[in-house]
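Chain by chain, the residues:
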Amino acid sequence: MLGSLVACAAAMVSGFGLTESDDYYTIDTGADLVFQVRRTDLGHTTTSAGGINSIVYKGVEYMEEPGRDSHINSGFDWLYTDTTEVTVNAVAVGSDIIKITVVGGQLTHYYIVKKNEAKIYMGTHWSLMTTVKTGIRFLFRLNANLLPDGPPEGDVRDPTDWTVELPHIESADVFGLPNGETRSKHYTNKRMMDWKYFGATGTNVGMWIVRATHEGGSGGPFYRSTQVQTRPDTQELTYILNYEHTQTEDFRTGNLWAYTFVVNDGAAPATDVDYSFYGDLDLVGYVPSSGRGAVYGFWFGGRRYSQVYTLGFRNSDAQYWAKANIYTGGFMAAGMRPGTYEMTVFSDEYEVYTSSVVVTAGETTVVGSFTITEDPAFDSAIFRIGDWDGTPLEYRNGDKVNSMHPSDVRMQSWTPGPFVVGSSTDRDFPCYMWKDINNHFEVLFKMTEGQMETGHTVRIGITATHAGGRPSIKVNEWESAIPASPVQPKSRSLTTGSYRANNAMLTYDVPATAWNTTAEYQVLTIIVQSGKKPVGYLSPGISIDCVDLLA
């Protein structure tokens, strides 16, 4: 009943404009989109002041029923442990713009409307990370019956009855179908550099979130996080601003995040959103283009032409990235806040060169030519399995781990048997290894008499771990020491769609006495070690980047 009254109230507004009551601001975009922002608190975090409680498009209410709002985290009154008061104010800026400002503790959020555009421009700024829940997201709760079509990986409805949610198979956020397939919001992830928008559609309607630079985020260009979850009644669109899941660096504060909620007929939204008008709106944290600089590079050497190169820039305030030209290595990163940045060159997702660069407002910093010096792929090896690319994608199930649970029936066996160098392919080598699933994995390889006269170094690259997992090795009868745990985030990355944590290379000096001079094959055994006790796919585990034996 409440949703119907809200829809009727919103639909009564005619033409671009702002109206207010004691409880709501109602904004008509003049483009068939009318929405309401709550001014008062109903005593529950999901219906607190500052949330959007109604979205009407072409006379139809698209918010979830019954009334849970769309807002930051669980509500603006539940961001900081010492803050429950929320202020909401709305003003018209000239004749063509409406700005609503929501302040909850150290976080300020804006809803902005331009006349005759079916969009809600948004901006979020915080000077202190939230303390009730670590991480900041904007969550739209929409009606799944009217917007049923989102990414299938995140659809957790029973396919035979959309009113029923699938059963959990891990925690409360990974679900299983009767046929053995799996679904989760986590499996809708994409690398940050690879997406500009996501959303859901229905009959002649689409609702989308379009991002800007993500300069205030953490994790760099390859970071992955949840986007969409389709539940029996709710289509959830979640833009992760900062997130505690698989977080590899400190959170950043002091940036104004720009992003846009777009409503249309279902077509993919335009991504070239112009935010320059924000400069006229007195938004906290906004830095205009005149206050930004750029970095340009025209060439760098030491490249492998099979690889894609990305330049990453980061400091404590902001992060940016740019793709390198495949022929020259040239790059341009524009729109950067002034400051000194660490510049990293990635071969695919592996760090192969690092330096620093200074960005000055209104100027383009030119980076002189340089040569990559830290690519382990150039080191001569007796054998190499996979590639030093910072990913496990080339291995068995590497094409699936971002979009489904490791137990999914579509996965190939995690225990394919010994890997034989020279006859096995990378797809015969499991991309993940767990203490409780496929431990003590064997690699068989040949050596010449000359090679066996000296010791050699085994290198294992990992991109993520779980529960303190790290590999030790055994070569024939010789065993290595158990290495210290690499520095990694403490979260369920391997089962929630992300191999992307901290790249690490572990080395093992194998003495000449370890080689078996009478056998056809040497046997390398990879052993996942940890004192922690989870079981199954939550047992200690590792994501493999590369394994080689140096010449």
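Scroll up for the structure.
Residues numbered from 1 in each chain as written. Predicted model: local features only at pLDDT ≥ 70, side-chain atom pairs only at ≥ 80, totals over all residues. Heavy atoms only, no water.

What the chain contains, in helices and strands, is one helix and 40 strands. In terms of overall dimensions, the chain is globule-like: its C-alpha atoms have a radius of gyration of 26 Å, near the 24 Å expected for 551 residues. Expressed as lengths along the three principal axes of its C-alpha atoms, the size of the chain is roughly 90 × 60 × 45 Å. Counting the 551 residues in the chain, one finds 59% classified as buried. In the chain, 69% of the contacts between residues at least 6 apart in sequence involve partners at least 24 apart. As displayed, the chain offers around 21,700 Å² of accessible surface, 50% of which is attributable to carbon and sulfur atoms. With 42 positive and 62 negative side-chain charges, the chain shows a separation of 1 Å between the mean positions of the two kinds. (Helix = DSSP H or I, 4+ residues; strand = E, 2+ residues; numbered from the N terminus. Rg over C-alpha atoms; globule rule 2.2 N^0.38 Å. Buried < 20%, exposed > 50% of the residue type's maximum accessible area, 1.4 Å probe, protein only. Contact = heavy atoms within 4.5 Å. Areas by Shrake-Rupley, 256 points an atom, 1.4 Å probe, with all protein chains shown as cover. Lys, Arg positive; Asp, Glu negative; His and termini not counted. Charge placed at Lys NZ, Arg CZ, Asp CG, Glu CD.)

Turning our attention to the sheet that holds strand β36 (residues 470-475). Strand order in this open sheet of five strands is β32-β34-β39-β36-β37, and the pairing throughout is mixed. Strands with a single pairing partner mark the edges of an open sheet, and in this sheet they are β32 (419-420) and β37 (478-479). Pairing geometry for β36 and strand β39 (residues 522-529), over six bridges, is antiparallel. Each residue of the ladder has a partner; that of K474, found in β39, is T525. (Pairing = 2+ DSSP bridges.)

A separate point is the state of the cysteines. In this structure the tally under the stated criterion is zero disulfides. The closest cysteine sulfur to the non-disulfide-bonded C431 is located on C546, 14 Å from its own sulfur. (Disulfide = S-S within 2.5 Å.)

Moving on, we get to the pairing of strand β20 (residues 234-243). Among the ten residues that make up β20, ten are buried, leaving the element largely enclosed by the rest of the structure. As paired elements, strand β19 (residues 228-230) and β20 share three bridges and run antiparallel to each other. Among the inter-strand pairings, V228 is bridged to a residue of β20, identified as L237. In sequence, β19 turns back onto β20 through a hairpin of three residues.

Two side chains that carry opposite charge are able to pair once their charged atoms sit near each other. By the definition in use, this model includes 28 salt bridges. Close ionic contact of E165 with R231 constitutes a salt bridge, the shortest N to O distance being 2.8 Å. Remark: R231 occurs in the loop between β19 and β20 and E165 occurs in strand β13 (residues 161-165); sequence separation between them is 66 residues. On the accessibility criterion, E165 (24% relative accessible area) is partly exposed. The salt bridge involving R191 is made with D194; its shortest N-O contact spans 2.7 Å. (Salt bridge = Lys/Arg side-chain N within 4 Å of Asp/Glu carboxyl O.)

Here we come to the packing of aromatic side chains. For the coordinates displayed, the defined rule picks out 31 aromatic pairs. Between F300 and F370 the ring centres are 5.1 Å apart and the planes differ by 5°, which places this aromatic pair in the stacked class. One end of the pair, F300, is in strand β23 (residues 300-301); the other, F370, is in strand β30 (residues 370-371), and 70 residues separate them in sequence. Residue class for F300 comes out buried when judged on its relative accessible area of 0%. What makes F370 buried here is its relative accessible area of 9%. Plain terms: the ring middles of Y320 and Y341 are 5.9 Å apart, the flat faces sit at 65° to each other, and that makes the pair edge-to-face. Taken together, the residues span a long stretch of sequence, with Y320 in strand β25 (residues 319-323) and Y341 in strand β27 (residues 339-347) at a distance of 21 residues. The pair formed by Y320 and Y341 is uniform in burial state, with each residue classed as buried. Grouping aromatic residues by their ring pairs yields a cluster made of Y111, W126, F138, F140, W195, F198, Y239, W257, Y259 and F261. The side chain of R157 reaches across the aromatic face of W162, ending 3.6 Å from its centre. (Phe/Tyr/Trp six-rings, centres within 6.5 Å; stacked < 30°, edge-to-face > 60°. Lys NZ or Arg CZ within 6 Å of the ring centre and 35° of its normal.)

Shape descriptors only; they carry no functional weight alone.
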